[in-house]
Amino acid sequence: MDRIIVLPGDGIGPEVTREARRVLEAVAARHGLKLGFEEALIGGASIEATGTPLADDVVALCRESRAVLLGAVGGPQWDEMPVETRPEKGLLRIRKDLGLFANLRPASVFSALVGASSLRPEVVDGIDLLVVRELTGGLYFGEPRGIALVEGEREGRNTMVYTEHEIARIARVAFESAARRRRHVTHVHKANVLEVSQLWMQVVEEVARDYADVELSHQLVDSCAMLLVREPKRFDVMVTSNLFGDILSDEAAMITGSLGMLPSASLGEGGIGLYEPVHGSAPDIAGQDLANPLAAILSAAMLLEHSLDAAPAATEVREAVSRVLAAGHRTGDLVLDDHEGDTLGCRAMGDLVIEQLESAP
Ligand code: NAD
């Protein structure tokens, strides 16, 4: 039995994770997967019940699980709290405590939704790329850091530092992912200026020797940012540092145009994965059955692929989502001016995905 911990969190988190869990249960039954679910608190919901955004026993529960499915945290009622005790702290803690060093952010466009992008349909249709971002090192964590008074003026300082080990393990995640996809890794760097990037270049090349059937190319981060909007279809898997990945994963995501459609996965050395939609807790629509559950459902598909080694089940989920969209069904956030199909709530969208799953051959 594979144990999955569901952390619904706040706002629309409980609504969207409920649909994702139902989809997992339906696909598990079809594929003979034995899943056991347990729910626990994180974020504002945890603050209200326990006084802390993530309790120690929840961390322990997650550590003993196969995977964690998370909704979202935060809301206006906790915005005035000190940073150390706010809901977001729960999210940062679970990522840190599970040692999640690899953040996987796919950007793909379902044909039925190409109109949601601000780019021309012919540029967007068929995009299917994955940004693999290093999550626990680099400029965001390097020491020394801070703002100090130096010779009478303030000086700000951060340090970009990576060890060989940190680069090799994220490179392996990228090559493993590419081996299951179109077999191309683009390493994104700034090696013309940064020694750290030169080390990345060397180590990524060394790791590439173990993956003879995956092609590797290197791309400067500035030209990569331009290519992403000019020719996004040329990319399969991108691997890069924390800073560059932070920016490029959001750029890639916005090419697709639909916040309610974007899943993510964070993987750690302990083998536990954390899966969550990219969107936040959307307090403006929470509790009204208006949320789009597809980002959470597609996160569940990533869980099947990366934590349960069930790629065919993951593909079935994605194909069910694609068929629902192709048939014209939309939640409110996906409705465009020329839309002629129906507008559904969160629950009804979940129902349709399950219906499509169960009617698949
Ligand atoms: P948000 O992503 O929650 O919402 C932005 C806009 O998109 C809103 O209009 C919202 O209604 C809409 N939206 C988002 N997801 C949707 C979905 N699945 N279906 C339909 N519409 C959707 O971002 P925000 O408004 O900046 O933040 C709201 C709260 O969420 C804040 O407390 C913020 O700190 C938190 N947040 C949490 C996470 C996370 O848990 N990972 C990420 C971002 C923001």
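Being a predicted model, the structure only gives us computed values, none of them experimental.

### Things to note about the pattern of salt bridges
Working step 1: The final tally for this structure, using the stated rule, is 32 salt bridges.
Working step 2: Note that Arg181 and Asp236 form a salt bridge whose closest N and O atoms lie 2.8 Å from each other. Of this pair, Arg181 sits in the loop between helix H6 (164-179) and strand E8 (184-189) while Asp236 sits in the loop between helix H8 (221-230) and strand E10 (237-240), and the two are 55 residues apart along the sequence.
Working step 3: The structure contains a network of salt bridges with shared partners spanning Arg18, Glu19, Arg22, Arg347 and Asp351.

### Side note on the sheet that holds strand E9 (residues 215-220)
Working step 1: Taken together, the 10 strands give an open sheet; going across it, the order is E2-E1-E3-E12-E11-E4-E5-E10-E8-E9, and neighbouring strands pair in mixed fashion. On the outer flanks of this sheet lie strand E2 (35-39) and E9, each paired with one strand and no other. Taken over all neighbouring pairs, the strand axes of this sheet differ in orientation by 20° on average, direction set aside.
Working step 2: Pairing geometry for strand E1 (residues 2-9) and E2, over 5 bridges, is parallel. Residue pairing in the sheet places Ile4 in a bridge with Phe37 of E2.
Working step 3: Here helix H4 (residues 87-97) sits on the sheet and contacts strand E3 (67-72), strand E4 (100-108) and strand E12 (273-277); the angle it forms with E12, its principal contact strand, is near 150°.
Working step 4: Sitting on the sheet, helix H9 (residues 242-256) touches E4, strand E5 (128-134), E8 and E10, and the angle it makes with E5 is about 155°.

### Looking at the packing of aromatic side chains
Working step 1: One pass over the structure, following the stated rule, counts 2 aromatic pairs.
Working step 2: With a centroid separation of 5.1 Å and 85° between ring planes, the pair formed by Tyr162 and Trp200 is classed as edge-to-face. Remark: Trp200 occurs in helix H7 (residues 195-208) and Tyr162 occurs in the loop between strand E7 (153-159) and H6; sequence separation between them is 38 residues.
Working step 3: Each ring, one from Phe175 and one from Tyr211, has its centre 5.2 Å from the other, and the planes form 15°; the classification is stacked. In this pair, Phe175 is assigned in helix H6 and Tyr211 in the loop between H7 and E9, connecting sequence segments 36 residues apart. Residue Phe175 shares its accessibility class with Tyr211, and that shared class is buried.
Working step 4: The ring of Phe101 has Arg169 sitting right over it, with the charged end atom 4.2 Å from the ring centre.

### Notes on the nonpolar core
Working step 1: Core analysis: the biggest nonpolar cluster contains 73 residues, and Leu104, Val132, Phe175, Met261, Leu294, Leu304 and Val321 have the highest contact counts within it.
Working step 2: Here this core takes 9 residues from helix H10 (residues 294-306), the largest share from any one element.
Working step 3: Once residues within four sequence positions are removed from consideration, Met261 is found in contact with Phe110, Leu113, Asn292, Leu294, Ala295, Leu298, Val321, Leu325 and Leu334.
Working step 4: Grouped together as the second largest cluster of nonpolar side chains are 19 residues, Ala55, Val58, Leu61 and Cys62 included.

### Let's talk about the side chain of Asp236
Working step 1: On the basis of relative accessibility, which here comes to 2%, the residue Asp236 falls in the buried class.
Working step 2: From its side chain, Asp236 meets the backbone nitrogen of Arg182 in a polar contact 3.0 Å long.
Working step 3: With residues up to four places along the chain from it excluded, the contact list for Asp236 reads Asp128, Leu129, Leu130, Ala178, Arg181, Arg182, Arg183 and His184.

### Examining the site of the ligand
Working step 1: Contacts to the ligand come from 19 residues, most closely from Val73, Gly280, Ala282, Asp284 and Asn292.
Working step 2: One nitrogen or oxygen atom from the main chain of Ala282 is found 2.8 Å from an oxygen atom belonging to the ligand.
Working step 3: Protein chains bury 67% of the 800 Å² of accessible surface belonging to the ligand in isolation.
Working step 4: Among the residues making up the shell around the ligand, the classes are represented as 9 nonpolar, 6 polar and 4 charged.

Reading the values: the criteria
Every residue gets a number counted from 1 within its own chain, in the order that chain's sequence is written. Residue-level local features of this predicted model are given only where pLDDT is at least 70; pairs of side-chain atoms are given and counted only at 80 or more, and the full residue set underlies all totals for whole chains, interfaces and linings. Excluding hydrogens and water, the side-chain figures rest on all heavy atoms present in the structure. The working definition used for a salt bridge is a side-chain nitrogen of Lys or Arg within 4 Å of a carboxyl oxygen of Asp or Glu. Think of it this way: any DSSP run of H or I at least four residues long counts as a helix, any run of E at least two long counts as a strand, and we number them from the N terminus. A strand pair is defined by DSSP finding two or more bridges across the two strands. Axis definition: a line fit to C-alpha positions, over the contact stretch in the case of helices; interaxial angles, taken between N-to-C directions, run 0 to 180 degrees. By definition, residues are in contact when any of their heavy atoms lie within 4.5 Å. Two rings belonging to Phe, Tyr or Trp (six-membered ring only in the last case) form a pair when the distance between their centres is within 6.5 Å. Interplanar angles under 30 degrees mark stacking, angles over 60 mark edge-to-face geometry, and anything in between is tilted. The classification of residues rests on relative accessible area computed with a 1.4 Å probe and restricted to protein chains. Under 20% of the type maximum is buried, over 50% is exposed, and intermediate values are partly exposed. Counted as over-ring charges are cases with an Arg CZ or a Lys NZ within 6 Å of the ring centre that also lie within 35 degrees of the ring normal. Working definition of a nonpolar core: buried Ala, Val, Leu, Ile, Met, Phe, Trp, Tyr and Cys residues. They are joined through side-chain atoms within 4.5 Å. For the purposes of these results, a polar contact is taken to be a pair of N or O atoms within 3.5 Å, where, inside protein, one atom must be able to donate a hydrogen and its partner to accept one; residues adjacent in sequence count only when each atom of the pair is a side-chain atom. Only heavy atoms are used to decide nearness, and a residue is near a molecule or strand if one of them lies within 4 Å of it. Per-residue and other accessible areas follow the Shrake-Rupley method at a 1.4 Å probe size, with only the shown protein chains counted as cover for residues. Three categories are distinguished: nonpolar for Ala, Val, Leu, Ile, Met, Phe, Trp, Tyr, Cys and Pro, charged for Asp, Glu, Lys and Arg, and polar for the others, with Gly belonging to the last.

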